[in-house]
Amino acid sequence: MEPLNTIGELVHLIDTKYKKQNAFNYQNFEGGWDSISSEEFVRQIKYLALGLQTLGLKKGEMVGLLAASSPRWTIADIAIMIAGGVTVPLFGNISEENFEFEIQQTNLNYIFVTGDEQWEMFSHHKDAFDNVITLYDEKVDHKAFSFSEIVEQGRALDEKDPHRYQSLLDAIKPDDLATIVYTSGSTGVPKGAMLTHQNLISLLHQDPFQWNEDDCYLSVLPLAHIFARSVNFIMITWGIPIYYIRDIKTVGEVCKNLHPTILVVVPRILEKIYAKLSAKVDEAGFLKRAIGHWAFDLAADENDNSLYKKIMHPVADKIVYSAIREALGGKLRVVISGGAPLNPHLYHFFLDIGVPLFEGWGLTEAATVTCNRINDIKIGSVGVPFEGMQVKTSPDGEILVKGGLVMQGYYKNEEETKAAFTEDGWLRTGDKGHVDEQGHVVIEGRLKELFKTSTGEYIAPVPIEQELCKVPLIDMAMVVAEGKKFASVLLFPDFEVLKGLKRAQSKEGLSDEEFLNGEFIKNEMNKLFEGLNLHLNHWEEIHGYKFISTPPTVEGGELTPTMKIRRSFVLRKYGELIDKIYVEEAA
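What counts as what
Residues numbered from 1 in each chain as written. Predicted model: local features only at pLDDT ≥ 70, side-chain atom pairs only at ≥ 80, totals over all residues. Heavy atoms only, no water. Pairing = 2+ DSSP bridges. Helix = DSSP H or I, 4+ residues; strand = E, 2+ residues; numbered from the N terminus. Contact = heavy atoms within 4.5 Å. Axes fitted to C-alpha atoms, helices over the stretch in contact; angles between N-to-C directions. Phe/Tyr/Trp six-rings, centres within 6.5 Å; stacked < 30°, edge-to-face > 60°. Buried < 20%, exposed > 50% of the residue type's maximum accessible area, 1.4 Å probe, protein only. Lys NZ or Arg CZ within 6 Å of the ring centre and 35° of its normal.

## A word on the sheet that holds strand β13 (residues 334–337)
So, step 1. Taking strand neighbours across the sheet as the criterion, the nine strands line up as β2-β1-β11-β10-β12-β13-β14-β15-β16 in an open arrangement whose pairing is mixed. Of all the strands in the sheet, just β2 (33–36) and β16 (384–385) have a single pairing partner and so form its edges.
So, step 2. Note that strand β1 (residues 24–27) and β2 share four bridges and pair antiparallel. Directly across from Gln 27, in β2, lies its bridge partner Trp 33.
So, step 3. Contacts from helix α3 (residues 71–82) reach β1, β2 and β11 (242–244) within the one sheet, and its direction differs from that of β1 by about 135°.
So, step 4. With respect to the sheet, helix α11 (residues 267–283) is in contact with β12 (262–265), β13 and β14 (357–363), its orientation differing from that of β12 by roughly 105°.

Pasting the structure below:
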């Protein structure tokens, strides 16, 4: 496929190459799927772009998109850019302060909205917008245009001025600003990465996974996240039917019924799947539990060349692993993980049970830079750079990138833009790592996530946290060490596993907090840390912990919208609990 230059060229490709009745699909409230054909998709983009013109949208004006993923999210996104506007994706579950900052900085006057959570966020800031469009024509208390109304206005404009749409397409240039995507704000104020048409589409013609029109893509991540949005454009480019899930909690059930071939996830989803599988094994009867533990231990054994494993793996595959694959639909051929580091042990486990998992790496400022790919998987790396992207490391080990995916800079933030680039134009990623002899990029952690203890030793928290999260009871872990005399950790439990443990110990009458502070858990945690510390440098050893008996959430502030832990916020929120760890240890 020839490289594309603008979003307009992408729409032309769909219009001339693909004729699919089920090109774009979304779940209805009865649990079935409603479809939009590729022809209708192109038609709605055209009329919506023209309809935005009738509202007075000028080239370069910002348009907010506050909605869950769906075909119309994609239609609105592309129509905004074709109309000359700049799409600003917004999360409905970010803090009020960040939401207000983003809409004020971009001076949003136009916004698409749908969804209860999204309308709730909008209602707190409704006076900021003059032009509000309901993405799915829902009746709301606010003064708003319906999606269909704007499309009809665009249709009327097309009849009156049939050359207007082509003039919009002709006016688009590769280096035109297409979207502003805000960083998730894990630290400080969000920064708006300015991405051009070229940034969004320069990757689309590449074919690292042998895409074909018989594939089926289940979209589970929010399109407001650049990783999911980039993959969305890739699927559109290659004519692959997209199915947008309504509720990520139903992903297992949907996989069983839909049988997708392509899935894109963040590591947290894989961790949840593994935890559920482990819990299911633990709750089984004696024989099934014994077989399950044996099969899981075999998959976890990273000595793939052992004679025992070579003999027994086909047996485990027939009676255990094949059932897991069937539970995921039975047809997965590409599962891409990105957005956060993937635990190498978890990576090995999924590959070993026959799930074709490929880890990739990128950032808001440069979308997807690298990825493992078919016949070139290296566990512990995030793969090789895509065509057109260059990767190198600075003298202090920071990974630097350059190429067609790299942003123009941060919107209205010259100071941060200058700090984001080297003098010779390489983007500073903030990730520490190296490029190995085979050209694979290896991420060793965030530069800012190297903690210096009060004794002057450095601790990389991510590998320790990943090791702890292999334990089914532990949903998330956060190491505390900066400026401290030793490392400790805050633990968020998996509440489904916790419920099962309470039942197994006949302690259902206790509260979660009482059980987590009881003797059974204390003994288990002592054994866990004793084993963990054997494999750590003495200054990295964990010498204290506290469970947090409420789950981490975006709304609560502990997580970013892309499900990464906000360390600075958690440190502030649970400061008193952290202080208790060090007081108790000293005593």
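## Description of the packing of aromatic side chains
So, step 1. Enumeration over the complete set of coordinates arrives at 17 aromatic pairs.
So, step 2. Centroid distance Tyr 545 to Phe 547: 5.9 Å. Interplanar angle 85°. Geometry classified as edge-to-face. Here the two residues Tyr 545 and Phe 547 agree in accessibility, since each one is buried.
So, step 3. Members of the aromatic cluster, joined through ring pairs, are Tyr 274, Phe 296, Phe 349 and Phe 350.
So, step 4. Cation over ring: Lys 484 sits above Tyr 582, and NZ or CZ is 5.1 Å from the ring centre.

## Points about the pairing of strand β9 (residues 192–196)
So, step 1. Judged by how many residues are buried, β9 sits mostly within the fold: five of five residues are covered.
So, step 2. Side chains Gly 192, Met 194 and Thr 196 of β9 all project onto a buried face; the interleaved residues Ala 193 and Leu 195 project onto the opposite face, where all are buried too.
So, step 3. The pairing of strand β8 (residues 177–182) with β9 spans five bridges and is antiparallel. Residue Ile 180 lies in a different strand from β9, and its bridge partner there is Met 194.
So, step 4. In this sheet, strand β19 (residues 409–410) lies alongside β9 in antiparallel orientation, the contact comprising two bridges. Following the sheet pairing, Met 194 is matched in β19 by Gly 409.

## Quick look at the environment of Arg 572
So, step 1. Of note, Arg 572 is situated in helix α20 (residues 567–573).
So, step 2. Given a relative accessible area of 59%, Arg 572 falls into the exposed group.

## Concerning unusual backbone geometry
So, step 1. Even without a glycine there, the phi angle at His 259 is positive, about 60°.
So, step 2. Within the secondary structure, His 259 sits in the loop between α10 (251–258) and β12.
So, step 3. Residue classification places His 259 among the partly exposed residues on the basis of a relative accessible area of 33%.
So, step 4. With a phi angle near 55°, Ser 506 is a residue other than glycine that sits in the positive phi range.
So, step 5. Positionally, Ser 506 belongs in the loop between α17 (495–504) and α18 (512–516).

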